[in-house]
Amino acid sequence: AGALRSTMPVFTILNAGTQFPILIRGMIMDILSGVLEGILVTDIPLPHAAPLLSASGHLVAINYRQAPKREKVSMAISAETLREWLRPESSTTDPDPSAR
């Protein structure tokens, strides 16, 4: 869906599947690095576990939690990081099944 960058607009929908859904627009405020690589800072504080979408509708991140000490800011896990966690490039077989 393109490279992530600061100030990139992101969207989420509250009340999806109801008669009155609400589109919320925000932006990526920061992309963390080092041990926090894959964590984004956004100005969409709620809802937690909400998908953050790009303008083209691609998944950018999943809102994780409110940022410590910053009321209207949240932390999100990037879609790329989620892909890495869910589909690691390592072997999918247990190297030693008897070790269980």
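Residues numbered from 1 in each chain as written. Predicted model: local features only at pLDDT ≥ 70, side-chain atom pairs only at ≥ 80, totals over all residues. Heavy atoms only, no water.

A. Main features of the overall build of the chain. Secondary structure assignment for the chain yields one helix and six strands. Each helix (α) and strand (β) of the chain, taken in turn from the N terminus, gives the series β-β-β-β-β-β-α. For the chain, the residues scored as buried account for 29% of the 100 residues in total. Taking the intrachain contacts of the chain between residues at least 6 apart in sequence as the baseline, contacts between residues at least 24 apart amount to 35%. Counting only carbon and sulfur atoms, one obtains 57% of the accessible surface of the chain, whose full area is about 7,200 Å². (Helix = DSSP H or I, 4+ residues; strand = E, 2+ residues; numbered from the N terminus. Buried < 20%, exposed > 50% of the residue type's maximum accessible area, 1.4 Å probe, protein only. Contact = heavy atoms within 4.5 Å. Areas by Shrake-Rupley, 256 points an atom, 1.4 Å probe, with all protein chains shown as cover.)

B. Just the environment of alanine 3, in detail. Among the secondary structure elements, alanine 3 is positioned in the segment before strand E1 (9–14). Each C-alpha atom, one on alanine 3 and one on valine 60, is 9.6 Å from the other, the two residues being 57 residues apart in sequence.

C. Structural detail: the pattern of salt bridges. As enumerated under the stated definition, the model contains one salt bridge in all. For arginine 83, the salt bridge is made with glutamate 80, and the minimal N-O distance between the two is 3.1 Å. Residue arginine 83 and its partner glutamate 80 are both found in helix H1 (residues 79–86); the two are separated by three residues, about one turn of the helix. Residue classification places arginine 83 among the partly exposed positions, given a relative accessible area of 45%. Residue glutamate 80 is classed as partly exposed on the basis of its relative accessible area, which comes to 45%. (Salt bridge = Lys/Arg side-chain N within 4 Å of Asp/Glu carboxyl O.)

D. Structural context of the environment of aspartate 30. Residue placement: aspartate 30 occurs in strand E2 (residues 22–31). Given the relative accessible area of 36%, aspartate 30 is considered partly exposed. In sequence terms aspartate 30 and threonine 42 are 12 residues apart; their C-alpha atoms lie 7.1 Å from each other. In this view, aspartate 30 contacts Ser6, Ile39, Leu40 and Val41; residues no more than four positions away in its chain are not counted.

E. A look at the nonpolar core. In terms of nonpolar packing, the biggest core is built from nine residues, these being Met8, Val10, Ile28, Leu40, Ile44, Leu52, Val60, Ala61 and Ala76. Filtering out sequence-adjacent residues up to four positions away, isoleucine 28 remains in contact with Leu4, Arg5, Ser6, Thr7, Met8, Val10, Leu40, Val41, Thr42 and Val60. Core analysis: the next-biggest nonpolar cluster, separate from the first, contains eight residues, Leu32, Ile39, Met75 and Leu82 among them. (Core = buried A, V, L, I, M, F, W, Y, C linked by side-chain atoms within 4.5 Å.)

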